[in-house]
Amino acid sequence: MAREQLQVLNALDVAKTQWYHFTAIIIAGMGFFTDAYDLFCVSLVTKLLGRIYYHVEGAEKPGTLPPNVSAAVNGVAFCGTLAGQLFFGWLGDKMGRKKVYGMTLMLMVLCSVASGLSFGHDPKTVMSTLCFFRFWLGFGIGGDYPLSATIMSEYANKKTRGAFIAAVFAMQGFGILAGGIFAIISSAAFKAKFDAPAYEVAGAASTVPQADYLWRIIVMVGAIPALMTYYWRMKMPETARYTALVAKNAKQAAADMSKVLQVEIEAETKPEEKSANAFALFSKEFMRRHGLHLLGTTSTWFLLDIAFYSQNLFQKDIFSAIGWIPAAKSMNAIEEVYKIARAQTLIAMCSTVPGYWFTVALIDRIGRFAIQLMGFFFMTVFMFALAIPYDHWTHKDNRIGFVVLYSLTFFFANFGPNATTFVVPAEIFPARFRSTCHGISAASGKLGAIIGAFGFLYLAQNQDKTKTDAGYPAGIGVKNSLIVLGVVNFLGILFTFLVPESNGKSLEEMSGENEEEPESAVELEQQSDMAKSQLEVLNALDTAKTQWYHFTAIIIAGMGFFTDAYDLFCISLVTKLLGRIYYRVDGAAKPGTLPPNVSAAVNGVALCGTLSGQVFFGWLGDKLGRKKVYGITLMLMIVCSICSGLSFSHDPKAVISTLCFFRFWLGFGIGGDYPLSATIMSEYANKKTRGGFIAAVFAMQGFGILAGGLFAMLMAAIFDATFKAPAYEVDPIGSTVPQADYLWRIVLIIGAFPAALTYYWRLKMPETARYTALVANNVSQAAADMSKVMQVDIESDPARAQPTVTYGLFSKEFLDRHGLHLFGTTSTWFLLDIAFYSQNLFQKDIFSAVGWIPHAATMNAIAEVYKIARAQTLIALCSTVPGYWFTVFFIDRIGRFKIQMIGFFFMTVFMFALAFPYNYWTQKDNVIWFVILYALTFFFANFGPNATTFVVPAEIFPARLRSTCHGISAALGKLGAIIGAFGFLYLAQPQDKSKAEAGFPAGIGVKNSLIVLGVVNFLGMLCTFAVPETNGKSLEEMSGEAEERN
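Residues numbered from 1 in each chain as written. Predicted model: local features only at pLDDT ≥ 70, side-chain atom pairs only at ≥ 80, totals over all residues. Heavy atoms only, no water.

This paragraph deals with the nonpolar core. The biggest cluster of nonpolar side chains holds 272 residues, and the ones touching the most others in it are Leu49, Val73, Tyr145, Trp215, Val602, Tyr674 and Trp744. The biggest single contributor to this core is helix α24 (residues 548–582), with 19 residues. Filtering out sequence-adjacent residues up to four positions away, tyrosine 145 remains in contact with Phe32, Asp35, Thr81, Gln85, Phe169, Gln172, Trp301, Tyr309, Phe422, His438, Ala442 and Lys446. (Core = buried A, V, L, I, M, F, W, Y, C linked by side-chain atoms within 4.5 Å. Buried < 20%, exposed > 50% of the residue type's maximum accessible area, 1.4 Å probe, protein only. Helix = DSSP H or I, 4+ residues; strand = E, 2+ residues; numbered from the N terminus. Contact = heavy atoms within 4.5 Å.)

Attention now goes to the side chain of glutamate 238. Residue placement: glutamate 238 occurs in the loop between α9 (230–235) and α10 (240–246). Among buried charged residues, glutamate 238 stands out as having no salt bridge; its nearest opposite-charge side chain is arginine 97, 4.7 Å away. Here the side chain of glutamate 238 touches arginine 97 through a polar contact of 2.9 Å, landing on its backbone nitrogen. A polar atom in the side chain of glutamate 238 sits 3.2 Å from the backbone nitrogen of lysine 98. (Lys, Arg positive; Asp, Glu negative; His and termini not counted. Salt bridge = Lys/Arg side-chain N within 4 Å of Asp/Glu carboxyl O. Polar contact = N/O pair within 3.5 Å; in protein donor to acceptor, adjacent residues only side chain to side chain.)

The next thing to look at is the side chain of serine 682. With respect to the helices and strands, the residue serine 682 is situated in helix α27 (residues 652–684). Look at serine 682 and you get buried, because its relative accessible area is 0%. Polar contacts involving the side chain of serine 682 include one to the main-chain carbonyl oxygen of threonine 679, which spans 2.9 Å. Here the side chain of serine 682 touches alanine 954 through a polar contact of 3.0 Å, landing on its backbone oxygen. Non-local contacts of serine 682, meaning those with residues more than four positions away in its chain, are made with Arg690, Ile694, Arg770, Ala954, Arg962 and Leu1035.

Turning next to the pattern of salt bridges. A complete count under the given rule lists 30 salt bridges for this structure. Residue glutamate 285 is joined to arginine 289 by a salt bridge in which the shortest nitrogen-to-oxygen separation is 2.7 Å. Highlighted residues: glutamate 285 and arginine 289, both in helix α12 (residues 284–313), separated by four residues, approximately one helical turn. In this structure, a network of salt bridges that share partners links the residues Asp93, Arg97, Glu154 and Arg434.

Attention now goes to the packing of helix α6 (residues 161–193) against helix α14 (residues 333–366). α14 packs onto α6 with a crossing angle of 165 degrees between their chain directions and a minimal axis gap of 8 Å. With respect to their mutual orientation, α6 and α14 come out roughly antiparallel. Handedness of the crossing formed by α6 with α14: left-handed. Looking at side-chain class alone, the contact of α6 with α14 contains 24 nonpolar, nine polar and five charged residues. (Axes fitted to C-alpha atoms, helices over the stretch in contact; angles between N-to-C directions. Parallel < 35°, antiparallel > 145°, perpendicular 65-115°, else oblique. Left-handed = near helix turned anticlockwise from the far one by under 90°. Nonpolar A, V, L, I, M, F, W, Y, C, P; charged D, E, K, R; others polar.)

Below, the structure is given as structure tokens:
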């Protein structure tokens, strides 16, 4: 049951954007301005501090801070920030947000000024004093994190709350920018007034005495903006949510917000109710409700800050390493500050500040989860793009490219997790724990920042001890450090899946504070009445335990997919054999191959038939019923599989034409099986394990692929042993024995037998209860059918039989409700099949290209079939089949959306990993690693979108349109498969025309084709955001049929 929200909180949630929102952003944001200004300005002056206080007479390079001192100066404020986040986070929940909000700002102002006043002639005294005040400066900054985020979230309306909280945090961008610009101005002024030679010309004289004032001025001036907002912090009222929900004073909350909103809000004085939210922090109930969320917010912020702060604090080292900033000895002290500040300002202006404000503009449009996932993804990609070809970037001509990619990592950090990790913890926890939990999350982030700040000092040092900064041991170098950061960003992607989406929901809805325990049998009965609104027969199916009929249905439906996969992928085994038999050219250096148009026809014609069958039988399944057309599709498959192998003739054209004719109709039958099998299985399954059952039907494809490979290997081995033949280069004619013409026919025909075995049982299956009850409107028959299947008595409930969905396909109502969903299912399946089928149908070409399968001229015809079958079987055994069944096991545990996103992501990563260093993989010693990466793309295709694109369309559309919409989605997938099947024939050809296969024009090569596939997979990731999550929901709940009936 849900408790009605207090009027004052509802008023805040629905309030239009007003002036007080912007006032709150400025007041709260100035703390973050000072935070960013200070924490990043210190990176500008650390080299100057080294020159002033740690100069060594006669040294080849200017003085630098010793490792322990540098770590202290850079890291001590983080230690203070971490402590402040925990302390003030807890205090903000205990005493109220307002009471402690002024303390944090005053600490920042005083300690910023005191940091710059760390006078003394002894380096140890100056550094100790500086570190002392920087710790307490960090302590104040730390308190601003949970307090500002919580205050802004509790003031904002739910429609634009994300943007307002992000705008507070985005003031960091201006702080970084201001720090850089002020340092540029100050250093330019000092340089003009106090000119000095470069260090290599005159060591000590390169650092003028006045330089000691430069760093102090830069550090101190950050206090001014914060000081200007202190008065307004003191004038802010306590947040209504703290006053009403924690202090339990709804009357005061209403009075405060009446003044702020300038509207009359009625004070509610109803008696205090027993709440379901009376649990303590870290109690068992808290961990059950919010434990996973807290793990998500802490882990993602921790991983983000390792990468973000190690880059920000030490970007001067990275720019120096690639030569973008000259060597320190070629500049004087003030000039070095200028050059470092200029680089940092460029990054801030071009990427950091825009990144923050892109988040502000889009966070309430596309959601926190999508932005965070996208940000981590691009940070990973760009970090590896910097790291792997690092030597390339160090060349003078390529430095600007490095800076561009480096800027992009900052852009997607800020238009990504650097903002969202701050926003989400302020939205998802109860009011009395909100500030504490935000502080814990932020402290975890600062722990990551400490690791980055301290660790990077050592990690980024040159591997050659003689080239390191003074006092540092050898490190792993900048390249390997960037690789480490890439791995950290990738882990951030994985942990993002623990963070809930809070977009458009009230704080009480996210935290569960509107919930209360049902207190009476009447309330419990009211809750159960909601379930009774569903027809009893459908509710019985949804809540049924897993029974034998579920597994029977999987086998009966799955055999169609066994035949589908066996046939569509077996044809890829025998196309080279068909070329040798029917298109041999006397005297040619290479065996015969199918001409381009013939190869495209043989490979693609079944896909065209499949596309047609998916649309036609999908529509027919909704018009006539699933069962009436279910036997037709299987019979078509059986007959046409046999006929495909019986395409006898001596004329190549006649053989290929007949083969193509029967393969089209074979595909037509296979196409019908997609919407019918998926729809039948979804309508038979219970809602708890429905995803696993539908995926298991589709997973029979894995066994079909495996069976095709194993059977082809077995038959090829038997034929090769029985009919010995030399290699083509030894005897071109004798290398293809006449009996080889029977081999491909046997391989194709045998796929019909498993389907034939299940034909009888398909005809015995009753119509699905959902079609009978919701489309045919015969609830009595549906109940009778399911009573037999489930072996229980089900009440027929005839009085409640009425149509639940009356709108037509592609009507305005349909597009409003399901248009975006249909776009999501069609686009993701289309993109997936471009990549999946182009790889599957032509993996023999890819393996040949890298040398894993010997050149065709070195083998006879039957040996070539064996080698291709062996490669395909290896892929199926090690990746394809496990991938399918991983999906079956996990789909109802972690959800469709997450599996699809993970799959597309890894397909993208591995495809690019194959493509960019492609020349490396073609070397003989590295071929096995190519095969491993290639196998991994198949694993994550099947433990990913290849399964989920089949499952989801069977769950989200109304019963009377379900089969049709699944057919449309599948048909778009097959359109992608056709593009892959036809296009890859041409694309993968070598760029040198003389090296292309006979009859083919020059292509873009295997490497560039793999890059194209990587891009296609990445687009699949983006389109996945249009697909809804169906995990644990009934079909009627997803389609809106329960809503219509009520």
